[in-house]
Amino acid sequence: NAGVTQTPKFRILKIGQSMTLQCAQDMNHNYMYWYRQDPGMGLKLIYYSVGAGITDKGEVPNGYNVSRSTTEDFPLRLELAAPSQTSVYFCASSSTGTGAGNEQFFGPGTRLTVL
Amino acid sequence: GESVGLHLPTLSVQEGDNSIINCAYSNSASDYFIWYKQESGKGPQFIIDIRSNMDKRQGQRVTVLLNKTVKHLSLQIAATQPGDSAVYFCAETPRSNDYKLSFGAGTTVTVRA
């Protein structure tokens, strides 16, 4: 299994540009998550999904959108990039909700810089 | 604000010594706790977890201790190795919302040869 994969690894955007961060998992996990990690900080949840067709906001959803058309894929969309969105973005998945004791598996991250 | 936090942002440990990384949380309803390890340029990797009905759980070279009275969590690493150099995060989920992990800011562990 490849686990959780993310593309691209790095990206530089100009203010106002848009892009989609790709995330895929091959573990048949129902639950998927997007986090951002700012320098020296822990991860903050942006959006999550409990299954195909179902998404919900996390702690910091403003400026982002997600979709979940398949179990495997969970893309994150930035419509109007702003410097405040400069961060490292991690996608994760788990077989069930975290409270059931199932760990989240993380991808390698996408480092995004908005100038 | 954040519901979990770590006492110290950095920890320097001599190779072979034991490491203790601490974490305090504020939500008394927190039910599930996880320790993650993040190496440079990589995503967080699960180390060990513990439920609120337990005080201690052991893995390979790692032990997690939970003190619910003072809302304190610790990760002990036995015989620290150079490969243990990383940032360590504690995370928790409250009973009220099982899907969302709240992460602390992390402790950077550096192992001295």
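What you see is a predicted model, and the numbers here were worked out from it, not measured in a lab.

## Here's the deal with the overall build of chain A
Helix and strand counts for chain A come out as 0 helices and 11 strands. On C-alpha atoms alone, chain A measures out to a radius of gyration of 13 Å, which is about the 13 Å that the 2.2 N^0.38 rule sets for 115 residues. Its C-alpha atoms put chain A at 40 × 30 × 25 Å along the principal axes. Per-residue burial over chain A gives 47% buried out of 115 residues. Of the charged side chains in chain A, 9 are positive and 8 negative, and the gap between their average positions amounts to 11 Å.

## Regarding the interface of chain B and chain A
At the junction of the two partners, chain B supplies 21 residues and chain A supplies 26 residues. Taking both sides of the interface into account, the surface hidden between chain B and chain A amounts to around 1,800 Å²; carbon and sulfur atoms contribute 57%. At the boundary of chain B with chain A, the tally comes to 0 salt bridges. Counting across the interface, chain B meets chain A through 2 residue pairs in polar contact (both at pLDDT 80 or more). The set of elements that each furnish at least two residues to the side of chain B that touches chain A consists of β4 (30–38), β5 (45–51) and β9 (86–94) of chain B. Among the elements that make up the side of chain B that touches chain A, the one with the highest residue count is β4 of chain B (4 residues). Tallied by class, the residues present in the side of chain B that touches chain A amount to 10 nonpolar, 5 polar and 6 charged.

## Things to note about unusual backbone geometry
The step from Thr-7 of chain A to Pro-8 of chain A runs through a cis peptide bond, and the omega angle for that step is -5 degrees. With respect to the helices and strands, Pro-8 of chain A occurs in the loop between β1 (4–7) and β2 (10–13). The phi angle at Arg-61 of chain B is positive, at roughly 65 degrees, despite the residue not being glycine. Here Arg-61 of chain B shows up in the loop between β6 (56–58) and β7 (62–67). The residue Lys-71 of chain B is not glycine, and still its phi comes out positive at about 55 degrees.

Calculation rules
- Residues numbered from 1 in each chain as written.
- Chains lettered and ligands numbered in written order.
- Predicted model: local features only at pLDDT ≥ 70, side-chain atom pairs only at ≥ 80, totals over all residues.
- Heavy atoms only, no water.
- Helix = DSSP H or I, 4+ residues; strand = E, 2+ residues; numbered from the N terminus.
- Rg over C-alpha atoms; globule rule 2.2 N^0.38 Å.
- Buried < 20%, exposed > 50% of the residue type's maximum accessible area, 1.4 Å probe, protein only.
- Lys, Arg positive; Asp, Glu negative; His and termini not counted.
- Charge placed at Lys NZ, Arg CZ, Asp CG, Glu CD.
- Contact = heavy atoms within 4.5 Å.
- Buried area = accessible area lost by both parts, 1.4 Å probe.
- Salt bridge = Lys/Arg side-chain N within 4 Å of Asp/Glu carboxyl O.
- Polar contact = N/O pair within 3.5 Å; in protein donor to acceptor, adjacent residues only side chain to side chain.
- Nonpolar A, V, L, I, M, F, W, Y, C, P; charged D, E, K, R; others polar.

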